[in-house]
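Overview (structure and organization)
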Amino acid sequence: MSKNVTSQLSQLSVKCQYMVFAVILFFTLFFSFNVLAQSIQPRLSSQQTYDRFVFEWPNAVNYKAETRRDGTLVLEFNTGGSVDVSSLSKSDLRYVRAVQSDGNRVTFSGDAQASFRHFKIGGKIIVDVSGPKLEAERVQSASTGDAATSAATPKPVATEAPEPTREPEKKAAETQRPTEITMPYRPAPSVEPLKVDEVKQAPLTADQEGVITVSSTKAFGMSAFIKDKHLWIVSDQKDMVIAPQVQGKASYWLGKPKRFNLDEGTIFAFRWPFAQKEYVTLNAEGGGLLWRLEIMKGAPSKKGSIRSVELDGKQDAAVMLGLPSMHKVVAFTYPPSGQRYYAATVEKAGSFVHLDRSFWGFSIVPSLVGGVVADTANNIKVTVADNAKGALITGQGPFASLSEQSAKLYRAAIREMLFEADDESNRVYNFDSWSAGGFAEYDQNRISLEEALAETEEGSSKFVETGMALVKLHLANLLPQESLGYYNLLEPSAGDRVDNIPEFMAIRAAASALSGQGKIAEEVFAREALAQFPEIDYWSAYNYARMEDWKKAYQKMPDKPDYIENYPKELFYEITLLLAEAALREPDTKRAETYLTGVQENMADMVDPYMSNYNYLMGELRRQKGDTKGALSTWRDLLENGDRLYRAKAALAWSKLALNTGEITPERAVELLEQIRFTWRGDGLETQIGHELGLAYVKEKSYKKALSLLRDTASYTRDEDNRREIVEDMQNIFSDLFLGDLSKGLSPIQSVSIYEAFSELLPVGEEGDKIIQALIRKLVDVDLVDRAAKLLDQLIENRLTGLDRSKNLVKLARLYVMNREAEKALEVLENLPELGDGEEEQQIYKDAILVKAKALADSGRVREALSTVTTLGSSPEVDQLRADIAWSNQQWNDAANALITLIGKQGIARKQKLSDEEAKLILNTAVAINLAGDLQRLQNFQKRFSEPMDDTEFGKLFRIVTRPPGDAFLSSRQTILGIVDEVNLFEDILEQF
């Protein structure tokens, strides 16, 4: 009996095994068939600097990728399923022209500058596309019905206001989707940043206040918020005829608004120059037909209600913004970031949500009228609540979920793992534990913890504990902005713990540093409670480096990367590479090499931008160690491949080194730098490129272009040290153009043009005076005497005092005499102050008398001129001036006598070889004797000087002038009169002027 039972049980066991195998085979075939037969639709998410395409398969699949030089990417998935791209609208594509599918094969068609990045997370294949945009940025409107629809292109109306512009960095809640990896290390902007007018404005004063009036003949709802240096006014009325009007002094700095016409409303954007710390806000009044926005001092009041609500019987299915008198929802694409925004308009003032909160998938933008929601995951819709007392925010599309039993078990395991104690002493960050399996498990971890948080009483210790797990999860997975969002949500419940518990402080500071909020991080890192943790020094140094305060970063950074070597790889690369750069900027090649060696030992699977960053720094390390060829080779490799930021950095470094070593000409350096000048905007690198390009233009001898570019670069840089360095270079170049080697190849007209364009660079003191004097001499040399006189007059009035002023007054009078403005010369000399008995004063007095005598003679007062010059006694200058006065008034006998006296005093009669100046004096004397009609004296003069004159260039003229009258008398007379017209003896008197 026992054997039969055993046999029967054995047979039953075999049958069960077959049944289990059959069931497993059935489900395997069933799911395989579904995978093979399925058709998926990709999702498009437009981020700040790239477009993200997500192909989500129910099961994990592999793929092959081929990137072509013409800007095409081809993906081929190893599945029988197909991809349907019909849901992608061509108008939403920014970096590729088209996306096409052929079964399991997808083709992205861009241009040669398109950049692709692709990776796999579970069943998701993610493709990021960046590069230059193929279409201009647009403001788009969207339907506000039950389901959110794609935004329509607005029709901007031209006004005199400038285009609003994008800031280089945005809040993470607006720029990153928390379910996908993004690298926070200075992401490269792929489009020209939005240009915002830099209106330098002091804190609001009484004469700057004003009122903005928004009105229409139809009642309308409105929303208003301040963001990205603009005041945005959203009306839910289409094609508003009258733009907002500004009364009061505010009209001078607000300017005219930029208009955007939407399908569901109208947006007006005013430039807003006040920083948040200056506490200038708007007080809204009215509603319906007429709204008034009063500009006033003070911080905006924090106000608003945000709460989760039940929807269709499901708890926490939606979030509602409490907004009494809610009117409509206007959807649009926000210009600076390109993200979908929803403006909740209200019918009257006083209803608004001014809270800064970030959640998964969306964030609340602080508003002064109504409310505004930013869609950060491209996965929400916003509608008017049924009771018209707020805006309802709900998700759309499929959401992953766990069974309740699985969720509870999973939550318990995750919480246990996230709050595991840190075994290492003096460690404040435990990223390996906090990451909870890394990004591959991120979605499930986040959902589980969010469910646990929703089940916990707000304000309780458990609520804080679970919330901090979410904060740590995002921080460890390199999502710092999302981490801060949860931290801000948690802060009211945490109370004073955030300022007393070191872990709270350290996490907040690290998230702030990674997300670019350097000042906040700096203040927290400096707190005494964190001084006990050596690990904080790395983070503090990293934060200073992010702020480009390289000196403080170097001073703070430890010698070796000991504490950070066990960080998750991306976080390790992020911190280590920036600290290596800080060491190289000192420069400290030994410490930099230590950090870069640490990267070398942990660089398996390293991808951009970190790989490009590493290669760029290795090039700089080689340059500093004297390996010029190695540096040039390393940087040259980066010119064609790698991350766009480091391509630009490498191009700048390579051009500078190649120019200094003579491998390229200045013209080639200018060409290369001009190419990269427009590839990177908005930070210190743009400043460096502009600075180096300006210096290259100097070497190319394009001086005016060089100074213009350097001036523009100095004006837009935010770093005071960089600005100071650029201005010093400009001043040195400017001085060299007038006093140094650069002045030698510069024409007077070029000199004047440069001086007038860049006169603000004129140094104070003696050097500046020398530059003006040099320019005056150049102008006189080319007979631009009137411009020289004007410049000298400005010098006297604005810069000179004492004897320098007196000396230059005499020079100015002399310039007026040269320009045949004798009366002006006399007027200037009348203002000459009384002079003392010193040697320098007496020389100034003598020069003034000579100029005055010449001016009197030129104005027809010959006797007064001779009487004036007689006061100086007898000297070569006086004799020459007497001759000049007689000559100018055609008193030829007196002129001849004065010139013969001058020849005698100079001993010229005893010389057998004459200089050019002496020959000219003898020729002029012969002319005077000839015109005086004294033929006997003329013959004697000819006999005495004919032989030495024949050896000069004036010999033939001298023969003609001293020839006795005869057949050639007429031609000789014309020659003599021509000489008279050309002679100005006074020119030689004050040559030293």
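Look up: the structure comes first, before these words.
What comes next concerns the included structure. (Residues numbered from 1 in each chain as written. Predicted model: local features only at pLDDT ≥ 70, side-chain atom pairs only at ≥ 80, totals over all residues. Heavy atoms only, no water.)

Turning our attention to the pattern of salt bridges. Once the charged atoms of two side chains with opposite charge are near each other, the side chains can pair. Under the criterion given, the structure shown has 39 salt bridges. Put simply, Arg527 and Glu523 hold a salt bridge, and the shortest N to O gap is 3.1 Å. The partly exposed category is assigned to Glu523, whose relative accessible area is 43%. Ionic pairing is found between Glu766 and Lys770, a salt bridge with its closest N-O pair at 3.6 Å. With Glu766 and Lys770 both in helix α23 (residues 766-781) and four residues apart, this pair spans about one turn of that helix. Among the residues examined, Glu766 registers a relative accessible area of 57% and is labelled exposed. (Salt bridge = Lys/Arg side-chain N within 4 Å of Asp/Glu carboxyl O. Buried < 20%, exposed > 50% of the residue type's maximum accessible area, 1.4 Å probe, protein only. Helix = DSSP H or I, 4+ residues; strand = E, 2+ residues; numbered from the N terminus.)

Our focus in this paragraph is the environment of Glu953. Inspection of the secondary structure assignment puts Glu953 in the loop between α32 (935-950) and α33 (955-961). Accessibility expressed as a relative area gives 63% for Glu953, which makes it exposed.

The next subject is the nonpolar core. Tyr429, Phe431, Trp539, Tyr567, Phe734 and Ile754 are the most contacted members of the largest nonpolar core, which has 163 residues in total. Beyond its immediate sequence surroundings of up to four residues, Ile754 is in contact with Tyr703, Leu707, Phe734, Leu737, Phe738 and Leu746. Counting residues in each nonpolar core, the second largest holds 42 residues, with Ile212, Leu254, Ala344 and Ile364 among its members. (Core = buried A, V, L, I, M, F, W, Y, C linked by side-chain atoms within 4.5 Å. Contact = heavy atoms within 4.5 Å.)

It is worth spelling out the packing of helix α11 (residues 535-546) against helix α13 (residues 569-585) at this point. With their axes 9 Å apart at the nearest point, α11 and α13 run at an angle of 65° to one another. It follows that α11 is roughly perpendicular to α13 by the angle criterion. For α11 against α13, the interelement crossing comes out left-handed. Of the residues in α13, those in contact with Tyr538, Trp539, Ala541, Tyr542, Ala545 and Arg546 of α11 are Leu571, Glu574, Ile575, Leu578 and Leu579. (Axes fitted to C-alpha atoms, helices over the stretch in contact; angles between N-to-C directions. Parallel < 35°, antiparallel > 145°, perpendicular 65-115°, else oblique. Left-handed = near helix turned anticlockwise from the far one by under 90°.)

This part takes up helix α31 (residues 916-932). A rise of 1.5 Å per residue sets the reference length of α31, with its 17 residues, at 24 Å; its end C-alpha atoms lie 24 Å apart and thus fit the reference within 8%. Within α31, 13 of the 17 residues are buried, leaving the element largely enclosed by the surrounding structure. Remark: Gly933 follows α31 within two positions and exhibits a positive phi of approximately 80°. (Expected span 1.5 Å × (residues − 1).)

On to the packing of helix α30 (residues 892-905) against α31. It is the contact of α30 with α31, at a shortest axis distance of 8 Å, that shows an interaxial angle of 150°. Of the possible angle classes, the one that applies to α30 and α31 is roughly antiparallel. Viewed along their axes, α30 and α31 form a crossing whose handedness is left-handed. Together, Trp892, Asn893, Ala895, Ala896, Leu899, Ile900, Leu902 and Ile903 of α30 and Leu921, Ile922, Asn924, Thr925, Ala928, Ile929, Leu931 and Ala932 of α31 make up the contact between the two elements.

So, on to the pairing of strand β4 (residues 63-67). Across five bridges, β4 lies against strand β5 (residues 72-77) in antiparallel orientation. Within β5, the residue paired with Glu66 across the bridge is Val74. Connecting β4 to the antiparallel partner β5 that follows it, the hairpin turn spans four residues, and Gly71 within it adopts a positive phi of roughly 90°. (Pairing = 2+ DSSP bridges.)

Between the first and last C-alpha of helix α19 (residues 684-699) there are 23 Å, a value that for 16 residues agrees with the 22 Å anticipated at 1.5 Å per step. In terms of burial, α19 is a largely internal element, 13 of the 16 residues being buried. A positive backbone phi angle near 70° is found at Lys701, which sits one or two residues after α19.

Now for the pairing of strand β14 (residues 222-227). With five of six residues buried, β14 lies mostly within the body of the structure. As defined by bridge partners, β14 adjoins strand β15 (residues 230-235) across six bridges and the pair is classed as antiparallel. By the bridge assignment, Ile226 is partnered in β15 with Leu231. Between β14 and β15, which pair antiparallel one after the other, the connecting turn spans two residues, and Asp228 there sits at a positive phi close to 55°.

A complete count under the given rule lists 32 aromatic pairs for this structure. Consider the rings of Phe431 and Tyr567, whose centres lie 4.9 Å apart with planes at 75°: the pair is edge-to-face. Of this pair, Phe431 sits in helix α5 (residues 431-434) while Tyr567 sits in the loop between α12 (550-556) and α13, placing them 136 residues apart in sequence. Given the relative accessible area of 3%, Phe431 is considered buried. Chaining the aromatic ring pairs together yields one cluster made of Phe53, Phe55, Trp57, Tyr63, Phe77, Phe108 and Phe116. Between the NZ or CZ atom of Arg944 and the centre of the ring of Phe945, over which it lies, the distance is 5.1 Å. (Phe/Tyr/Trp six-rings, centres within 6.5 Å; stacked < 30°, edge-to-face > 60°. Lys NZ or Arg CZ within 6 Å of the ring centre and 35° of its normal.)

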